[in-house]
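One letter stands for each residue in the lines below.
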Amino acid sequence: MTVRTADAAALDEAGRLIRDGALVAFPTETVYGIGADATNGRAVAGIFEAKGRPHFNPLIVHVPDLAAAEKIAEFTPLARRLAVAFWPGPLTLVLERRAEAGISDLVSAGLTSIAVRVPAHPIAQQLLAAAGRPLAAPSANRSGRVSPTRAEHVEEDLGQRVAMILDGGATAHGLESTIVDGRGDAAILLRSGAVAREAIEAVVGAPLARGPESDDVHPTAPGQLTSHYAPNAMLRLNARDVRPGEALLAFGPDVPDTANPVLNLSAGGDLVEAAAALFAALRALDRTGTGAIAVMPIPERGLGEAINDRLRRAAAPRPA
Ligand code: TXA
Ligand code: MG
């Protein structure tokens with residue numbers, strides 16, 4: 001039985017499952033989330049696989065309190081004011097990420113920013129305590145479906161794909177968290193949600209600017225996506241050889257011979273492992289300074305679709 005009443009035994013088991021890299025769906029005050037240990041790249045890749053997402057978009061990291069959030073993100077004075085006013089609660093802050101916190105690169109899809117929130121729902125808080133890990137958790141729906149507000153919705157969408165669904169009944173807001181970019185001096189609204197614009201404006205004492213819409217809103221407009229990580233190096237996709245001056249991003253066991261820098265996303269050809277390694281590998285090859293990266297073919301199945309989507313975008317001509 002995947003759906004469990006969130007009693008002490010279930011929470012204990014859920015915490016263990018998270019530490020073991022499994023996926024656990026849980027209620028928050030907004031919608032149900034599908035959670036994984038944010039420090040475990042393979043577990044995070046499993047979220048994208050379970051959701052059937054054709055692309056990687058950055059995920060929100062859920063933590064128990066402001067002190068835990070400060071370990072993974074750089075708080076500006078503005079962000080701290082918002083956190084004090086609205087946490088625990090349905091406000092997500094986008095901030096600069098602290099690289100040393102050990103959060104998987106896949107969580108923020110390679111961006112230097114990170115979205116953090118402290119949920120108010122007691123079951124979400126109990127799961128955070130039981131797991132002892134920050135939880136990366138998008139809404140617990142299959143890609144293209146609406147966000148689930150009851151455990152039964154999660155079961156319909158993801159029942160076979162998660163280790164456990166913690167049942168907390170219907171969620172209070174039924175609407176996702178409000179997302180605010182708090183990196184600068186002025187707050188920027190990235191997604192409207194359960195905290196009203198007016199409530200945020202009352203705290204910051206200024207009108208809230210409208211930022212670029214998050215990819216939830218326009219999932220099929222790749223050119224429009226906000227500041228996705230792109231390597232400095234030129235990418236050559238579907239490469240079967242390595243040319244002079246190229247580093248190689250390899251996949252699978254049959255790697256062409258070269259003296260140039262090589263990183264293999266998965267020598268065994270495992271797409272979950274490859275997804276978990278993708279952003280860190282691009283950064284590492286970028287740092288070798290070759291200026292060009294040859295990328296071996298990645299099969300277009302399972303997570304390969306999202307990996308290829310991101311590689312195609314990174315390879316596309318971009319504005320100077
Ligand atoms: O209420 C909620 O926020 C729920 C519950 C489970 O917490 N979660 C949720 O997650 O709605 P998700 O993945 O469905 O939506 C997260 C949104 C996406 O639109 C994503 O693009 C945006 O947050 N986001 C995450 N990290 C970001 C970042 N570093 N910069 C800009 N946007 C970011
Ligand atoms: Mg969603």
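Because the structure is a prediction, the values reported are computed rather than measured. (Residues numbered from 1 in each chain as written. Chains lettered and ligands numbered in written order. Predicted model: local features only at pLDDT ≥ 70, side-chain atom pairs only at ≥ 80, totals over all residues. Heavy atoms only, no water.)

A. Quick look at the overall build of the chain. A count of helical and extended segments in the chain gives 9 helices and 16 strands. With respect to the principal axes defined by its C-alpha atoms, the chain has extents near 55 × 50 × 35 Å. Counting over 320 residues, the chain shows a buried share of 52%. Partitioning the contacts of the chain with sequence separation of at least 6, the portion at a separation of at least 24 is 65%. With an accessible surface of roughly 13600 Å², the chain has 51% of that area assigned to carbon and sulfur atoms. Side chains of the chain carry 31 positive and 36 negative charges; the gap between the two charge centres is 2 Å. (Helix = DSSP H or I, 4+ residues; strand = E, 2+ residues; numbered from the N terminus. Buried < 20%, exposed > 50% of the residue type's maximum accessible area, 1.4 Å probe, protein only. Contact = heavy atoms within 4.5 Å. Areas by Shrake-Rupley, 256 points an atom, 1.4 Å probe, with all protein chains shown as cover. Lys, Arg positive; Asp, Glu negative; His and termini not counted. Charge placed at Lys NZ, Arg CZ, Asp CG, Glu CD.)

B. Region of the structure containing the site of ligand 1. Around ligand 1 sit 24 residues, and of these Thr30, His62, Ser113, Arg117 and Ser177 come closest. Residue Ser113 places a side-chain N or O atom 2.9 Å away from a nitrogen atom belonging to ligand 1. A distance of 3.0 Å is found between an oxygen atom of ligand 1 and a side-chain nitrogen or oxygen belonging to Ser139. Within the complex, 97% of the 680 Å² of free accessible area of ligand 1 lies under protein. Of all elements in the fold, only strand S4 (60–62), strand S7 (113–117) and strand S11 (188–191) reach the threshold of two or more residues within the shell around ligand 1. Per-element accounting of the shell around ligand 1 gives the leading share, 4 residues, to S7. (Near = heavy atom within 4 Å. Polar contact = N/O pair within 3.5 Å; in protein donor to acceptor, adjacent residues only side chain to side chain.)

C. Region of the structure containing the pairing of strand S3 (residues 32–37). Across the 6 residues of S3, 6 count as buried, placing the element largely inside the fold. Where strand S2 (residues 24–27) and S3 come together, 4 bridges link them in antiparallel fashion. Bridging from a neighbouring strand, Val24 pairs with Gly35 of S3. The turn linking S2 back onto S3 is made up of 4 residues. (Pairing = 2+ DSSP bridges.)

D. Highlighting the nonpolar core. Core analysis: the biggest nonpolar cluster contains 76 residues, and Phe56, Phe75, Leu82, Leu93 and Leu249 have the highest contact counts within it. Counting residues per element, this core draws most heavily on helix H8 (residues 271–287), at 10 residues. No fewer than three residues from each of domain 1 (2–210) and domain 2 (234–315) sit in this core. Sequence-distant contacts of Leu93, that is, excluding residues within four places in its chain, are made with Phe75, Ala79, Leu82, Ala83, Trp87, Ile114, Ala115, Val116 and Val180. With 17 residues, the next largest nonpolar core counts Ala14, Phe26, Ile123 and Ala124 among its residues. (Core = buried A, V, L, I, M, F, W, Y, C linked by side-chain atoms within 4.5 Å. Domains from an automatic or database assignment.)

E. Just unusual backbone geometry, in detail. Residues Trp87 and Pro88 are joined by a peptide bond in cis, for which omega reads -5°. Tracing the chain through its elements places Pro88 in the loop between helix H4 (77–86) and strand S6 (91–97). A positive phi angle is found at Ala109, which is not glycine, with a value near 45°. Within the secondary structure, Ala109 is located in the loop between S6 and S7. By relative accessible area, which is 0% here, Ala109 ends up buried. The backbone phi angle of Asn238 is positive, close to 50°, even though this residue is not glycine.

F. Structural view of the pairing of strand S16 (residues 292–295). Here S16 shows two buried faces, one formed by Ala292 and Ala294 and the other by Ile293 and Val295. One ladder, built from 3 bridges, connects strand S14 (residues 247–250) with S16; its direction is parallel. When the bridges of S16 are listed, Ala247 appears paired with Ile293.

G. Looking closely at the sheet that holds S16. On the basis of which strands lie adjacent, the open sheet formed by 4 strands has the order S13-S16-S14-S15 and parallel pairing. Bordering the open sheet on either side are strand S13 (234–236) and strand S15 (262–264), each of which pairs with just one other strand. Going across the sheet, the axis of each strand differs from the next one's by a mean of 20°, ignoring polarity. Relative to S14, H8 is tilted by about 170°, and along the sheet it contacts S13, S14, S15 and S16. (Axes fitted to C-alpha atoms, helices over the stretch in contact; angles between N-to-C directions.)

H. Quick look at H8. For H8, spanning 17 residues, the distance from its first C-alpha to its last is 24 Å, which sits close to the expected 24 Å at 1.5 Å a residue. The largest bend along H8 reaches roughly 50° and is located at Leu278. Residues Leu271, Val272, Ala274, Ala275, Ala276, Leu278, Phe279, Ala281, Leu282, Leu285 and Asp286 constitute the buried set of H8. Looking at the packing, one finds that the buried side of H8 touches helix H2 (41–51), S13, S14, S15, S16 and helix H9 (304–315). If you check the start of H8, you find a side-chain oxygen 2.8 Å away from the backbone N of Val272, and it comes from Asp270. After H8 finishes, the residue Gly289 shows a positive phi value of roughly 75°. (Expected span 1.5 Å × (residues − 1). Bend = angle between axes of the 7 residues up to and from the residue.)

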